[in-house]
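# Inside the fold
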Amino acid sequence: MTYTGQMQNVGDLSDAQLVVSVARFREDALAEAYRRHGGAVFGLARRVTGDATAAEDVAQDVFLRLWDQPDRFDSSRGSLRSFLLAQAHSRAVDLVRSRAARSRREEHDARSTANAGYDLEMEVWDLAVADQVAEAMSSLPADERSAIELAYYGGYTYREVATMLSQPEGTVKSRIRNGLRRMRSSLVDSGVRDR
Amino acid sequence: MSTQWPHEEIEGLLGAYALDAVGVEEAAAIERHLEGCPRCRDEADSLRELAGKLGTSAAVEIAEVLPTGLWERIAGSLESRPRPFQPPAPAGLGPFRAPEAVPAPAAAGRRHPGPRRPSPRSLRWASMAVAAAAVVAIALLGINLSQVDGQLGRTQRALAGRGQDAAVQAALADPSHRVVRLDSTEGTELAEFVVVPSGQGYMVSSSMPALPSDETYQLWAVVSGQPISMGLLGNLPRRASFTLAPGAGSTELAVTVEPAGGVTTPDRSPVATGSLT
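Residues numbered from 1 in each chain as written. Chains lettered and ligands numbered in written order. Predicted model: local features only at pLDDT ≥ 70, side-chain atom pairs only at ≥ 80, totals over all residues. Heavy atoms only, no water.

## Some points on the layout of surface pockets
- Size it by volume and the second largest pocket reaches roughly 410 Å³.
- Considering the residues around the second largest pocket, the lining is formed by 21 residues, among which Ser 14, Ala 16, Ser 75 and Ser 76 of chain A together with Gln 200 of chain B are closest to the centre.
- Classifying every residue of the lining of the second largest pocket by side-chain character gives eight nonpolar, nine polar and four charged. (1 Å grid on protein atoms, 1.4 Å probe; cavity = no way out; pocket = protein on both sides within 12 Å on 5 of 7 lines; lining within 4 Å. Points joined across faces, edges and corners; volume = space filled by probe spheres on them. Nonpolar A, V, L, I, M, F, W, Y, C, P; charged D, E, K, R; others polar.)

Written as structure tokens, this is what we have:
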């Protein structure tokens, strides 16, 4: 964004600059953030809730919250993608936990009709990340991997995971942590950077 | 529950915390601990970042595409959001001549909040009718200025040092960084900022004296002779970060002393200035 009279194309802005523009009430900046990260936000919410309608609500919440409180994003603490996904994840987990029955387990394959709108370039990058993450994940010991998957994708607390796996809570807790740290270093080794 | 959990206990929970897999009480205890423990905070940030990658991976894995109409739903509800206040369109902050000489750009996302009222002032700054309109809007809405101000005022408290040291180090390590020195009118150095080409800037040192609690320092970037608020620095500035609009041609940083909530238009002369060019 520039104040010299003409507006800079939001497509040229970094994520951090985009949020500054959102803070200045530029709807096109929010649209650009949605274009870059909406697919991931929706996809993660869909994965955790197993429900496309709930995922839409989560995505809407996440982007409206960015609009309302852009200052909550601090670029010195991480990427916008991770910030938005952390919010999406926490919303999705709240939804899941508030559901008495975890009926979401029957993941219906209702692929929503969709439009393009998921940025192609970002998608390529996402695919690369996904590959590396899948590889890092698959190189983990099985007990660490399953603890992480149940916690993150399943939306269970580590205590619930411990019950499900019939393992001590302390063990599950450290498996999650050790597994994440292991993944982090193997991702660093394979050159996945933040963007 | 004890007031403080032991460090080791918290540290052991950080993985589960990054995955939202801790209980409510645990989350609260961890958050309290993070406030005062930079090491755990860095670890938590880093694990969150990793969780973000897991999230991206999950999203791609199920090849989800955005549902039709979701963006329209989001955009449609923006209008009714009680955003604290709608500032003048950004282009209204262009070089000041007279209000009618500042056309609102077609691309500006938000509408102008109200009538502009020219109010010439004999200041060092060019006066700003647009900002005057913003003042009117603020007066009408009774909103908290610190909420609508630039990035700095709002993030600075949250920053409170967290992660900023690393950011400052990174800025200083950037070979194209520039150090901007702000001097008082007498030529005494009052603060130093480091600015990198992306527009990100940080206060690296300050000897600005403490102000009474009902006053604050406010930072401005001067663009075309006109100050744009970069946010509030508080009454005893030690740390701050801000973002200059890239390509805006900011020529100067300036600091004024203002009432605690800050102002949209400075009507006092700067206590310190430094050239960006």
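From this point, the discussion proceeds with the structure in view.
## A short note on the packing of helix α2 (residues 27-49) of chain A against helix α3 (residues 52-68) of chain A
All names here are of chain A.
- In contact at an axis separation of 8 Å, α2 and α3 are set at 145 degrees when each is read in the N-to-C sense. Crossing of α2 against α3: the hand is right-handed. Together, Glu 27, Leu 30, Ala 33, Tyr 34, His 37, Gly 38, Val 41, Phe 42, Ala 45, Arg 46 and Thr 49 of α2 and Ala 52, Ala 54, Ala 55, Glu 56, Val 58, Ala 59, Val 62, Phe 63, Leu 66 and Trp 67 of α3 make up the contact between the two elements.
- For the contact of α2 with α3, the residue count by class is 15 nonpolar, three polar and three charged. (Axes fitted to C-alpha atoms, helices over the stretch in contact; angles between N-to-C directions. Helix = DSSP H or I, 4+ residues; strand = E, 2+ residues; numbered from the N terminus. Left-handed = near helix turned anticlockwise from the far one by under 90°. Contact = heavy atoms within 4.5 Å.)

## A short note on the sheet that holds strand β2 (residues 189-195) of chain B
Residue and element names in this part refer to chain B.
- Read from one edge of the open sheet, eight strands run β5-β4-β7-β8-β1-β2-β3-β6, paired in antiparallel fashion. Lying at the two open borders of the sheet, with one neighbouring strand each, are β5 (226-234) and β6 (241-243). Averaged over all adjacent pairs, the angle separating strand axes in this sheet is 25 degrees, with direction ignored. (Pairing = 2+ DSSP bridges.)

## Here's the deal with the packing of aromatic side chains
- By the definition in use, this model includes five aromatic pairs over all chains.
- Ring geometry for Tyr 34 of chain A versus Phe 63 of chain A: centroids 5.3 Å apart, planes at 70 degrees, classification edge-to-face. With Tyr 34 of chain A in helix α2 and Phe 63 of chain A in helix α3, this pair connects stretches of sequence that are 29 residues apart.
- Owing to a relative accessible area of 7%, Tyr 34 of chain A belongs among the buried residues under this scheme.
- When its relative accessible area of 0% is taken as the criterion, Phe 63 of chain A is described as buried.
- One aromatic cluster is present, formed by Tyr 34 and Phe 63 of chain A together with Trp 71 of chain B through successive ring pairs.
- In this structure, Arg 47 of chain A packs its charged tip against the face of Tyr 153 of chain A, placed 4.1 Å from the ring centre.
- One residue, Arg 48 of chain B, lies across the ring of Tyr 17 of chain B, its end atom 5.1 Å from the ring centre. (Phe/Tyr/Trp six-rings, centres within 6.5 Å; stacked < 30°, edge-to-face > 60°. Buried < 20%, exposed > 50% of the residue type's maximum accessible area, 1.4 Å probe, protein only. Lys NZ or Arg CZ within 6 Å of the ring centre and 35° of its normal.)

## Here we look at the pairing of strand β1 (residues 178-184) of chain B
Residues and elements named next belong to chain B.
- Pairing of β1 with β2, which is carried by six bridges, proceeds in the antiparallel orientation. If you follow Leu 182 over to β2, its bridge partner there is Ala 191.
- The antiparallel hairpin formed by β1 and β2 contains four residues in its connecting segment, where Gly 187 sits at a positive phi of about 90 degrees.
- Bridge count between β1 and strand β8 (residues 272-275): two bridges; the pairing is antiparallel. If you follow Asp 183 over to β8, its bridge partner there is Thr 273.

## Remarks on the pairing of β2 of chain B
All names here are of chain B.
- Burial analysis of β2 places five of its seven residues in the buried class, which makes it a mostly covered element.
- Pairing of β2 with strand β3 (residues 200-206), which is carried by five bridges, proceeds in the antiparallel orientation. Looking across to β3, one finds that Phe 193 is bridged to Met 203.
- Where β2 hands over to β3, the hairpin turn is made up of four residues, of which Gly 199 adopts a positive phi near 105 degrees.

## Comments concerning the state of the cysteines
- Overall, the coordinates contain zero disulfides over all chains when judged by the stated rule.
- Between Cys 37 of chain B, a free cysteine, and Cys 40 of chain B, which holds the nearest cysteine sulfur, the sulfur-to-sulfur gap is 3.6 Å. (Disulfide = S-S within 2.5 Å.)

## Describing the pattern of salt bridges
All names here are of chain A.
- Enumeration over the complete set of coordinates arrives at 19 salt bridges over all chains.
- In this structure, the salt-bridge partner of Arg 36 is Glu 32, at a minimum N-O distance of 2.9 Å. Taken as a pair, Arg 36 and Glu 32 lie in helix α2 at a separation of four residues, close to a single helical turn.
- Judged by its relative accessible area of 7%, Glu 32 is buried.
- For Arg 159, the salt bridge is made with Glu 169, and the minimal N-O distance between the two is 2.7 Å. Placement of Arg 159 in helix α7 (residues 158-165) and of Glu 169 in helix α8 (residues 169-189) is noted, with a sequence separation of 10 residues between them.
- Members of the salt-bridge network, linked through shared partners, are Asp 15, Glu 32, Arg 35 and Arg 36. (Salt bridge = Lys/Arg side-chain N within 4 Å of Asp/Glu carboxyl O.)

## Section: helix α1 (residues 15-23) of chain A
- Within α1 of chain A, eight of the nine residues are buried, leaving the element largely enclosed by the surrounding structure.
- Phi turns positive, to about 70 degrees, at Phe 25 of chain A, one or two residues after α1 of chain A.

## Considerations on the confidence of the model for chain A
Residues and elements named next belong to chain A.
- With 78% of its residues at a pLDDT of 70 or more, chain A has an overall mean of 79.
- In this model, residues 1-6 is a region of pLDDT below 50 whose contacts with residues beyond four sequence positions or in other chains number 26 contacts.
- Segment residues 100-121 is flagged for pLDDT under 50; beyond a separation of four residues in sequence, or across chains, it makes 46 contacts in the model. (pLDDT = per-residue confidence, 0-100.)

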